[in-house]
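Per-entry structural report
The primary structure of each chain is shown beneath.
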Amino acid sequence: MATDLLGRWGESVAAEFLQKKRYTLVAANYRCRLGEIDLIAENRKYIVFVEVKLRKSAAFAQAREFVDYRKQERLKQTALLYLSQHEENTKQPRFDVIEVYAPEGMQTKHPEIFHLEDAFA
């Protein structure tokens with residue numbers, strides 16, 4: 001339960017970050033039978049499917065390293081289903097990873113955020 005809460009907090013930090021970069025948030029925690037996408041946002045050119053990774057530090061590994069091939073394939077399939085259900089969207093799809101580093105968890109005042117655009121194809 002605590003990890004769910006922490007994960008949602010990380011996703012809200014990432015969503016705020018995107019909104020400051022002038023992205024429009026389309027959906028959060030999109031779920032279907034194929035999987036889940038943390039955030040779906042768009043800018044003028046792209047509809048962006050975002051995987052958010054929250055870690056206390058990069059000491060063990062960078063957060064992006066936890067988005068392995070299997071996870072990427074699941075995200076792609078989930079995104080395809082989303083796009084088939086929202087055919088009005090004609091923007092180019094893109095997959096991003098946002099790393100949030102919060103050493104004190106939800107008490108972290110200024111988490112470090114790294115936005116990896118077009119993280120995989």
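Residues numbered from 1 in each chain as written. Predicted model: local features only at pLDDT ≥ 70, side-chain atom pairs only at ≥ 80, totals over all residues. Heavy atoms only, no water.

1. Overview of the side chain of N43
What counts here: Helix numbers and strand numbers start at the N terminus; a helix is a DSSP run of H or I with at least 4 residues, a strand a run of E with at least 2. What qualifies as a polar contact is a pair of N or O atoms within 3.5 Å, subject to a donor-acceptor requirement within protein and to the restriction that residues adjacent in sequence count only when both atoms come from side chains. The contact criterion used throughout is that any non-hydrogen atoms of two residues lie within 4.5 Å.
Position of N43 relative to the elements: it lies in the loop between strand 2 (35-42) and strand 3 (46-55). One polar contact links the side chain of N43 to the main-chain amide nitrogen of K45, over a distance of 2.9 Å. Engagement of the side chain of N43 in a polar contact is seen with the backbone nitrogen of Y46, the distance being 2.7 Å. Leave out the neighbours within four places in its chain, and N43 touches Y23, K91 and R94.

2. Focus on the pattern of salt bridges
Short version of the rule: Each reported salt bridge corresponds to a side-chain nitrogen of Lys or Arg within 4 Å of a carboxyl oxygen of Asp or Glu. Accessibility here uses a 1.4 Å probe with only protein chains present; expressed as a share of the type maximum, an area under 20% marks a residue as buried, one over 50% as exposed, and anything in between as partly exposed.
The final tally for this structure, using the stated rule, is nine salt bridges. Close ionic contact of E42 with K91 constitutes a salt bridge, the shortest N to O distance being 3.5 Å. Here E42, found in strand 2, pairs with K91, found in the loop between helix 2 (69-85) and strand 4 (92-101); they are 49 residues apart in sequence, far enough to count as distant. Two residues, K71 and E51, come together in a salt bridge whose shortest N-O distance is 3.7 Å. Residue K71 is located in helix 2, and its partner E51 is located in strand 3; the two are separated by 20 residues in the primary sequence. Judged by relative accessible area, which is 18%, K71 ranks as buried. One continuous salt-bridge network, built from bridges that share partners, spans K21, R94, D96 and E117.

3. Concerning the pairing of strand 4
Counted only if it meets this: Between any two strands, pairing holds if DSSP finds at least two bridges.
Across the ten residues that make up strand 4, a large majority, eight, are buried. Judged from the ten bridges that link them, strand 3 and strand 4 form a sheet pairing that is parallel. Counterpart to Y46 in the pairing with strand 4 is Q92. One ladder, built from six bridges, connects strand 4 with strand 5 (residues 112-120); its direction is antiparallel. Residue pairing for strand 5: V97 is matched across the bridge by L116.

4. Some words on the environment of E112
You can see E112 is positioned in strand 5. In this structure, the C-alpha to C-alpha distance between E112 and R55, residues 57 residues apart in sequence, is 10.0 Å. For E112, the contacting residues outside a window of four places in its chain are E99, V100 and Y101.

5. Let's talk about the confidence of the model for the protein chain
Close inspection of predicted coordinates is inappropriate in any region flagged by low pLDDT. Selection criterion: pLDDT is a residue-level measure of predictor confidence that goes from 0 to 100.
For the protein chain, per-residue confidence averages 91 on the pLDDT scale, and residues scoring 70 or more make up 93% of the total. Summarising per-element confidence for the protein chain, the mean pLDDT is lowest in helix 1 (residues 2-20) (91) and highest in strand 2 (97).

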